[in-house]
Amino acid sequence: MDRSIIALVFVVLMAAITILAVIWGFEFNWPDYVHVDYGFPIVWCTHTLNTIHGPVDIWRVDLALLMADLAFWLCIMIIGLFIILHVKRQPGGSISPI
């Protein structure tokens, strides 16, 4: 299979993973603090649903952490593309850079 096709499939897959990692929420149902954290591995948003004082609707968004989370996934994509596009298999089975 051609490396450019593999690279295209990798980019599409990483874009889907990045979108899911940014918008997927992890709910924490603690007795006095129910909240949903958004972002993986860096939490950039917290939606508080319930506290010890009762139900609330508080959003805490940190755009700097969102940019850091996106940069993390972009770095993984760049490293993956570098490996896919600049490393090839020789007929003997060993790997060498182009």
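See the structure printed just above.
Given the structure is predicted, the values throughout are model-derived calculations rather than measurements.

We now examine helix H2 (residues 63-86). Helix length check: H2, at 24 residues, gives a terminal C-alpha distance of 34 Å against a target of 34 Å (1.5 Å per residue), a fit within 8%. Among the residues of H2, Leu66, Asp69, Trp73, Met77, Gly80 and Ile84 are the ones counted as buried. For H2, the side-chain oxygen to backbone nitrogen distance between the N-cap and Ala64 is 3.2 Å, and the N-cap itself is Asp62.

Okay, the sheet that holds strand S2 (residues 33-38) next. Taking strand neighbours across the sheet as the criterion, the four strands line up as S1-S2-S3-S4 in an open arrangement whose pairing is antiparallel. A strand with exactly one partner marks an edge of an open sheet, and here the two such strands are strand S1 (25-30) and strand S4 (54-61). Taken over all neighbouring pairs, the strand axes of this sheet differ in orientation by 15° on average, direction set aside. Summarising the sheet, S2 and strand S3 (residues 45-51) pair through six bridges and their orientation is antiparallel. Looking at S3, one finds that Tyr38 is bridged to Cys45.

Turning to the nonpolar core, a few remarks are in order. Core analysis: the biggest nonpolar cluster contains seven residues, these being Ala7, Phe10, Met14, Ala21, Trp73, Met77 and Ile84. Within the residue set of this core, elements represented by two or more residues are helix H1 (3-23) and H2. Within the second largest apolar cluster, six residues are counted, among which are Val36, Tyr38, Cys45 and Leu66.

Scoring rules and cut-offs
Residues numbered from 1 in each chain as written. Predicted model: local features only at pLDDT ≥ 70, side-chain atom pairs only at ≥ 80, totals over all residues. Heavy atoms only, no water. Helix = DSSP H or I, 4+ residues; strand = E, 2+ residues; numbered from the N terminus. Expected span 1.5 Å × (residues − 1). Buried < 20%, exposed > 50% of the residue type's maximum accessible area, 1.4 Å probe, protein only. Polar contact = N/O pair within 3.5 Å; in protein donor to acceptor, adjacent residues only side chain to side chain. Pairing = 2+ DSSP bridges. Axes fitted to C-alpha atoms, helices over the stretch in contact; angles between N-to-C directions. Core = buried A, V, L, I, M, F, W, Y, C linked by side-chain atoms within 4.5 Å.

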